[in-house]
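Summary of structural features
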Amino acid sequence: MRLATSTIPIISPSLTHLRSIFKRPISVSMSKSTETTDSVIRNPRIVVKKFLAEAQKEGDGATVRRSIGRPGLKNFDPFLLLDEFTVSAPAGFPDHPHRGFETVTYMLQGAFTHQDFAGHKGTIGTGDLQWMTAGRGIVHSEMPAAEGVNWGLQLWVNLASKDKMCEPSYQELSNSEIKRAEKDGVEVRVIAGEGMGIHSPVFTRTPATYLDFTLQPGASVSQPIPESYNTFVYSIEGEGIYGIPNSAPVPAHNCLILGPGDGLSVWNNSSKLLRFVIIGGQPIGEPVVQYGPFVMNTQAEIQKAFEDYRIGKNGFEKARHWSSH
């Protein structure tokens, strides 16, 4: 997914302009500790910041709701961006580069076809996952492959300096391959990390948790989260109560930044389904210099990334003579 933002003033913020230049079990007791059938949460996390992810245009005719990566929250170490996207053909995200981080695409509805300059091509459908490590360089396209609205989440995860120039790689899981558990009106799909005793097979260079929860009306859940992780919630559907049982319900499309603690409790007191994701990761603690599709540690490294892309070297050798089709 393309991103047209700038943190340094020396290059145009438009990637369209860039391309033209380059020619190319579960019960909750909220007291000092929160009991669940699997664990004890002794220090519950609470919501310290909440905001609505408003719809905006992105790519070629796509609509995104950006939570992480917006002006008020440029990044949340180790996360650089979270978009909830809706796209209908012929709109999409045509050929664009990446370096220095990972993209995680999770389809909620419809299908997306991905292809890149190394010859990798595939389509992910409803419930499928693609975890792409861009590393030293990828040029790819992401285009809708189903009729009607194609809907999903795309997360950008930063890489530590030691990993930024690694070889690109992919991990792809179909809907049926994603581990899941269900109990007492709660279902979790474990994208990364652990949820309700189930572990994801996905390898994350940056330690991370990514859990997709669905709660039936009247259900509740308490999910342990490593205390060292920066963690947030994104609400997809319905209204939920997060962190404190007497807090106001939070509707869909809101991002909730969580404070410190070892877990989060959530209640669905409504008459409708509640769906949300919990995303957490180990902070990297390094400088972040980002310009659009490139995320490095210094401005000089960003300039080098643009130069490598322009002349086709250091990972971008195939970029000058490739286009998607």
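Calculation notes
Residues numbered from 1 in each chain as written. Predicted model: local features only at pLDDT ≥ 70, side-chain atom pairs only at ≥ 80, totals over all residues. Heavy atoms only, no water. Helix = DSSP H or I, 4+ residues; strand = E, 2+ residues; numbered from the N terminus. Buried < 20%, exposed > 50% of the residue type's maximum accessible area, 1.4 Å probe, protein only. Areas by Shrake-Rupley, 256 points an atom, 1.4 Å probe, with all protein chains shown as cover. Pairing = 2+ DSSP bridges. Axes fitted to C-alpha atoms, helices over the stretch in contact; angles between N-to-C directions. 1 Å grid on protein atoms, 1.4 Å probe; cavity = no way out; pocket = protein on both sides within 12 Å on 5 of 7 lines; lining within 4 Å. Points joined across faces, edges and corners; volume = space filled by probe spheres on them. Nonpolar A, V, L, I, M, F, W, Y, C, P; charged D, E, K, R; others polar. Contact = heavy atoms within 4.5 Å.

Take the overall build of the protein next. Across its full length, the protein holds two helices and 27 strands. Counting only residues that meet the buried cut, the protein has 55% of its 325 residues in that class. Accessible surface computed for the protein: about 13000 Å², of which carbon and sulfur atoms make up 52%.

Attention now moves to the sheet that holds strand β25 (residues 274-281). Taken together, the seven strands give an open sheet; going across it, the order is β3-β23-β21-β25-β19-β16-β15, and neighbouring strands pair in antiparallel fashion. A single partner strand is all that each edge strand has here, and the edge strands are β3 (47-52) and β15 (179-183). The sheet shows a mean angle of 20° between the axes of neighbouring strands, direction not considered. As paired elements, strand β16 (residues 186-192) and strand β19 (residues 208-215) share six bridges and run antiparallel to each other. Among the inter-strand pairings, Arg 189 is bridged to a residue of β19, identified as Asp 212.

What follows is about the layout of surface pockets. Taken as a whole, the second largest pocket encloses approximately 170 Å³ of empty space. Lining the second largest pocket are Asp 116, Phe 117, Ala 118, Arg 136, Gly 137, Ile 138, Glu 167, Pro 168, Tyr 170, Gly 315, Glu 317 and Lys 318.

Let us now look at empty space enclosed by the protein. Over the atoms, a rolling probe the size of a water molecule traces out where space has been left empty. Quantified by volume, the largest cavity comes out at close to 50 Å³. Every residue lining the largest cavity is listed: Thr 105, Phe 112, Thr 113, His 114, Gly 122, Ile 124, Gln 130 and Glu 142. Contributing elements (two or more residues each) for the lining of the largest cavity: β9 (112-116) and β10 (121-124). Across the lining of the largest cavity, the residue classes break down as two nonpolar, five polar and one charged.

Before going further, it helps to examine the sheet that holds strand β14 (residues 169-173). Strands pair in a sheet through their backbones, by hydrogen bonds, and they do so in one of two ways: parallel or antiparallel. Reading across from one edge, β4-β5-β6-β13-β8-β11-β14 is the order of the seven strands in this open sheet, with antiparallel pairing throughout. Each end of this open sheet is capped by a strand with a single partner; those strands are β4 (55-58) and β14. Neighbour-to-neighbour, the strand axes of this sheet turn through a mean angle of 25°, independent of strand direction. Relative to strand β6 (residues 79-87), strand β5 (residues 62-66) runs antiparallel, the two being bridged by four bridges. Bridge pairing in β6 links Thr 63 to Thr 86.

Below, the discussion takes up the environment of Thr 298. In this structure, Thr 298 sits in the loop between β27 (294-296) and α2 (299-311). You can call Thr 298 partly exposed: its relative accessible area is 35%. Sequence-wise, Thr 298 and Val 288 are 10 residues apart; in three dimensions their C-alpha atoms are separated by 7.3 Å.

Assignment of secondary structure puts Thr 103 in strand β8 (residues 101-109). With sequence-adjacent residues up to four places away left out, Thr 103 is seen in contact with His 98, Gln 130, Trp 131, Met 132, Gln 154, Leu 155 and Trp 156.

Attention now goes to unusual backbone geometry. With glycine set apart, most residues show a phi of negative sign, and most peptide bonds adopt trans. A cis amide bond, omega 15°, links Asp 77 with the succeeding residue Pro 78. Between Ala 89 and the following residue, Pro 90, the backbone shows a cis peptide bond with an omega angle of 10°. Residue position: Pro 90 is located in the loop between β6 and β7 (93-98). Residues other than glycine seldom take positive phi values, yet His 253 does so here, at roughly 75°. By secondary structure assignment, the location of His 253 is in the loop between β22 (241-242) and β23 (254-258).

Any functional reading would require information beyond the geometric quantities listed.
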